[in-house]
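Coordinate inspection notes
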Amino acid sequence: MSGTGAPLLEVTDLAKHYPITGGRTLRAVDGVSFTLGAGEVLGIVGESGSGKTTLGRTVLRLTAASAGTIRFRGEEITDYSRRRMRPVRRHMQLVFQDPYASLNPRMSVEQILAIPLQVHEPGLKRAERRDRIEAVLSTVGLFPEAASRYPHEFSGGQRQRVGIARALICNPALLVADEPVSALDVSVQAQVVNLLLDLRQRLGLAILFIAHDLAVVGLISDRVAVMYLGRIVEIAETTTLFARPRHPYTEALFSAVPDIGGRHDRILLQGDIPSPVSPPSGCPFRTRCPYAEAACAEALPPLVERAPGHFAACRRPELTLSSPLSPQPVSRFAADA
Amino acid sequence: MSDVLTVTDLAVRFTGEGGIVDAVEGVSFALKERETLAIVGESSSGKSVTALALMRLLGGPPNCVVRGQVTLRRQDGERLELLSLPEARMASIRGRDIGMIFQEPMTSLNPVQRVGAQIAEGLHAHERLSARAASDRAVSLLGHVGIPEPALRARAYPHQLSGGMRQRAMIAMALACRPRVLIADEPTTALDVTIQAQILELIRALQKETGMSVIFITHNLGVVAEVADRVLVMYAGQVVEDAPVATLLGRPLMPYSAGLIASVPRLDDVRRRGGRLAAIPGNVPDPRARPAGCTFHPRCAHARPDPCEAARPALEAAAPDHAVRCARWREIAA
């Protein structure tokens with residue numbers, strides 16, 4: 001799906017550091033590089049505290065980068081002022097996690113959707129604006145009558161459709177979706193995942209899909225980046241990553257996912273993700289890694305291309321890691337069917 | 001195996017300015033010794049209200065009316081009717097015979113009291129331990145649930161612990177008096193998968209060790225597959241299916257259960273990347289205005305005007321250990 005020529009988004013050595021008390025620094029994002037082609041979906045996964053949300057916000061310039069560069073559609077936007085960012089913003093939009101908190105309860109859906117148009121396309125006539133609102137509502141599967149209603153009149157899934165409509169109304173090239181389905185009920189979550197799948201196909205939208213649900217990420221992403229303590233520790237084409245993870249953290253993440261097919265042997269990680277204020281020396285994952293050796297404490301392993309397009313930051317490339325995909329799906333329930 | 005807890009025709013009705021909400025209607029089940037019963041449902045299915053009702057943690061009339069029967073069989077064989085017990089007696093049951101853990105430990109722990117003291121409080125109240133003995137037990141319990149440096153953590157306040165550690169502390173507190181029954185209401189929903197795996201493993205190990213029974217409330221069918229022996233599926237305040245876990249996940253009879261199982265994304269779905277999930281159309285009905293007839297019929301592909309819209313189907317036994325609330329289950333299964 002990746003486009004030809006220059007990528008839509010090119011992030012190089014991006015860092016976001018927050019100074020905290022005692023002269024210390026919280027390195028929320030550190031040394032992150034990746035590209036995203038037009039129409040491509042890149043999934044970002046990792047535990048809470050891995051920096052995935054901060055990465056999304058920094059890429060959108062909602063918070064200033066501490067180091068590194070962000071190039072969007074060939075333009076370096078890293079140090080753009082608010083004013084210079086404004087025309088860029090219509091091409092990069094954000095969908096939030098919580099559809100209850102991200103819509104103004106005192107505005108009708110029409111008012112909510114009109115704001116991006118007023119900002120980015122002020123010349124639009126009233127009738128044109130109404131047409132655009134009606135069109136985007138239909139794109140996200142809502143009826144035209146939804147325009148006159150208020151957020152509280154909708155269910156969670158419908159509200160998330162409104163949030164997606166607001167992001168889409170100015171036809172962006174890039175959508176950053178930060179946990180867009182995790183607040184929804186299971187049966188409704190599937191509807192919104194299907195909507196995102198449709199949109200990417202119909203609109204050729206590039207999506208930075210930030211989520212902790214690996215199964216959803218697997219379904220929707222072309223490539224997946226795995227983050228740990230502010231860094232990308234593995235990035236690869238989705239099926240390759242699932243079929244052959246090359247970083248022990250990726251293996252452990254997959255292994256922890258409870259499977260509806262029944263219990264399986266799993267790699268239980270010890271303890272929590274360390275504090276990003278005082279990350280371990282050397283490989284940041286070594287304190288929880290079942291394969292860590294003394295040498296892992298020495299130096300930060302670089303992200304190395306281990307197969308075409310498959311990068312991993314682990315100094316033990318000889319490891320054979322298990323894949324979450326069973327060779328032929330076996331189920332402890334199959335016997336009984 | 002004998003039943004530890006029997007729930008018969010439990011119903012909860014809330015009355016407020018918004019009207020009447022029948023949050024739970026006619027829920028019955030028996031929890032066996034050492035069994036893990038999962039209660040599965042989406043928001044407003046009534047799963048959490050069921051748990052709160054049997055712990056008598058809901059308000060009283062006129063705003064909240066709880067009907068039905070909840071019978072607890074204690075270690076010594078004594079049978080207690082929990083819904084008619086005087087409040088003082090009920091307070092001695094909570095935390096001693098039935099322990100409970102909640103979804104977000106940050107909101108269920110006291111933010112201004114040290115973790116160790118919160119655990120010691122229950123031991124002091126129920127087991128009449130001295131303050132010193134109770135606080136020593138609290139430290140050893142924290143160690144038992146896998147908290148490193150328990151003596152140090154016992155002196156910490158909840159905000160100084162990570163989410164996973166707070167949930168471990170909650171579990172230590174719930175299990176302090178070795179309850180016969182543990183009610184776990186979405187205990188891993190707020191946690192990362194890696195931490196969720198640790199907590200599920202911990203609950204399993206403690207259950208094996210103490211022989212307690214567990215009611216595990218969740219919306220996550222993957223978690224159900226991991227922990228449950230038996231599953232109750234709830235929808236719009238009622239039990240719509242009740243079966244052993246393998247039967248429920250392998251051969252569900254109620255279209256809602258089948259739809260819920262099909263809509264769960266799985267890691268194996270990466271093989272059909274870009275393919276759609278089998279979503280259930282529509283939304284969970286508003287509890288103030290539930291559809292007539294079968295509450296699931298507006299979202300059900302198998303629904304027919306007759307009988308589905310005509311009358312609320314009864315919970316029927318499809319097999320000795322399998323109950324289903326669907327008027328057409330025989331035709332659909334055929």
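A quick note: this is a predicted structure, and the numbers were derived from the prediction, not measured.

Considering the overall build of chain B
What chain B contains, in helices and strands, is 13 helices and 12 strands. Against the globule reference of 20 Å for 334 residues, chain B gives a C-alpha radius of gyration of 21 Å, in line with a compact fold. Pairs at least 24 residues apart make up 63% of the contacts formed inside chain B by residues separated by at least 6 positions. As presented, chain B carries roughly 13800 Å² of accessible surface, and 53% of it is formed by carbon and sulfur atoms. Of the side-chain charges in chain B, 39 are positive and 35 negative, and the distance between the mean point of each set is 3 Å.

Considering the state of the cysteines
Under the criterion given, the structure shown has 0 disulfides over all chains. In this model Cys314(A) remains outside any disulfide bridge; the closest cysteine sulfur is found in Cys289(A), 6.4 Å from its own.

Examining the layout of surface pockets
All names here are of chain A. In this model, the second largest pocket occupies a volume close to 630 Å³. Together, 19 residues line the second largest pocket, and Leu62, Arg89, Gln93, Val119 and His120 are the ones closest to its centre. For the lining of the second largest pocket, the secondary structure elements donating two or more residues are α2 (82–89), β6 (92–95), α3 (109–120) and α5 (156–168). In terms of residue count, α3 provides more of the lining of the second largest pocket than any other element does, 5 residues in total. The residue makeup of the lining of the second largest pocket, split by class, is 11 nonpolar, 3 polar and 5 charged.

Considerations on the confidence of the model for chain A
Summing up the model confidence of chain A, the mean pLDDT is 91 and the portion of residues at 70 or higher is 94%. Below a pLDDT of 50 lies the segment residues 328–337 of chain A, which in the model reaches 19 contacts outside its immediate sequence neighbourhood of four places, other chains included.

Regarding the nonpolar core
With 71 residues, the main nonpolar core has Leu113(A), Ile133(A), Leu137(A), Ile164(A), Leu168(A), Phe209(A) and Tyr249(A) as its most contacted residues. Counting residues per element, this core draws most heavily on helix α6 (residues 186–203) of chain A, at 7 residues. Each residue touching Phe209(A), except ones within four places of it in the same chain, is listed here: Val41(A), Leu42(A), Gly43(A), Ile44(A), Ala177(A), Pro180(A), Leu196(A), Val216(A), Val217(A) and Ile220(A). Counting 38 residues, the second largest nonpolar core, distinct from the first, contains Leu141(B), Ile147(B), Ala154(B) and Ala184(B).

Comments concerning the side chain of Gln167(B)
Residues and elements named next belong to chain B. Mapping Gln167 onto the fold places it in helix α7 (residues 163–175). Residue classification places Gln167 among the buried positions, given a relative accessible area of 0%. Setting aside its immediate chain neighbours within four residues, Gln167 contacts Ile101, Phe102, Gln103, Pro105, Pro187, Leu191 and Ile199.

Regarding the sheet that holds strand β10 (residues 231–237) of chain A
Residues and elements named next belong to chain A. Within the open sheet, the 8 strands sit side by side as β6-β7-β8-β3-β9-β10-β12-β11. Their pairing is mixed. Since the sheet does not close on itself, it has two edges, and those belong to β6 and β11 (304–307), each with one partner. The average undirected angle you get between the axes of adjacent strands in this sheet is 25°. The pairing of β6 with strand β7 (residues 174–178) spans 4 bridges and is classified as parallel.

Concerning the interface of chain A and chain B
Listed as interface residues are 54 residues of chain A and, on the opposing side, 53 residues of chain B. In total, chain A and chain B occlude about 4400 Å² of area from one another, counting both sides; carbon and sulfur atoms represent 56% of this. With a shortest N-O distance of 3.3 Å, Arg266(B) and Asp259(A) are connected by a salt bridge. At the surface where chain A touches chain B, the tally comes to 19 residue pairs in polar contact (both at pLDDT 80 or more). The element contributing the most residues to the side of chain A that touches chain B is α6(A), with 10 residues. When grouped by side-chain class, the residues that make up the side of chain A that touches chain B number 24 nonpolar, 17 polar and 13 charged.

Conventions adopted
- Residues numbered from 1 in each chain as written.
- Chains lettered and ligands numbered in written order.
- Predicted model: local features only at pLDDT ≥ 70, side-chain atom pairs only at ≥ 80, totals over all residues.
- Heavy atoms only, no water.
- Helix = DSSP H or I, 4+ residues; strand = E, 2+ residues; numbered from the N terminus.
- Rg over C-alpha atoms; globule rule 2.2 N^0.38 Å.
- Contact = heavy atoms within 4.5 Å.
- Areas by Shrake-Rupley, 256 points an atom, 1.4 Å probe, with all protein chains shown as cover.
- Lys, Arg positive; Asp, Glu negative; His and termini not counted.
- Charge placed at Lys NZ, Arg CZ, Asp CG, Glu CD.
- Disulfide = S-S within 2.5 Å.
- 1 Å grid on protein atoms, 1.4 Å probe; cavity = no way out; pocket = protein on both sides within 12 Å on 5 of 7 lines; lining within 4 Å.
- Points joined across faces, edges and corners; volume = space filled by probe spheres on them.
- Nonpolar A, V, L, I, M, F, W, Y, C, P; charged D, E, K, R; others polar.
- pLDDT = per-residue confidence, 0-100.
- Core = buried A, V, L, I, M, F, W, Y, C linked by side-chain atoms within 4.5 Å.
- Buried < 20%, exposed > 50% of the residue type's maximum accessible area, 1.4 Å probe, protein only.
- Pairing = 2+ DSSP bridges.
- Axes fitted to C-alpha atoms, helices over the stretch in contact; angles between N-to-C directions.
- Buried area = accessible area lost by both parts, 1.4 Å probe.
- Salt bridge = Lys/Arg side-chain N within 4 Å of Asp/Glu carboxyl O.
- Polar contact = N/O pair within 3.5 Å; in protein donor to acceptor, adjacent residues only side chain to side chain.

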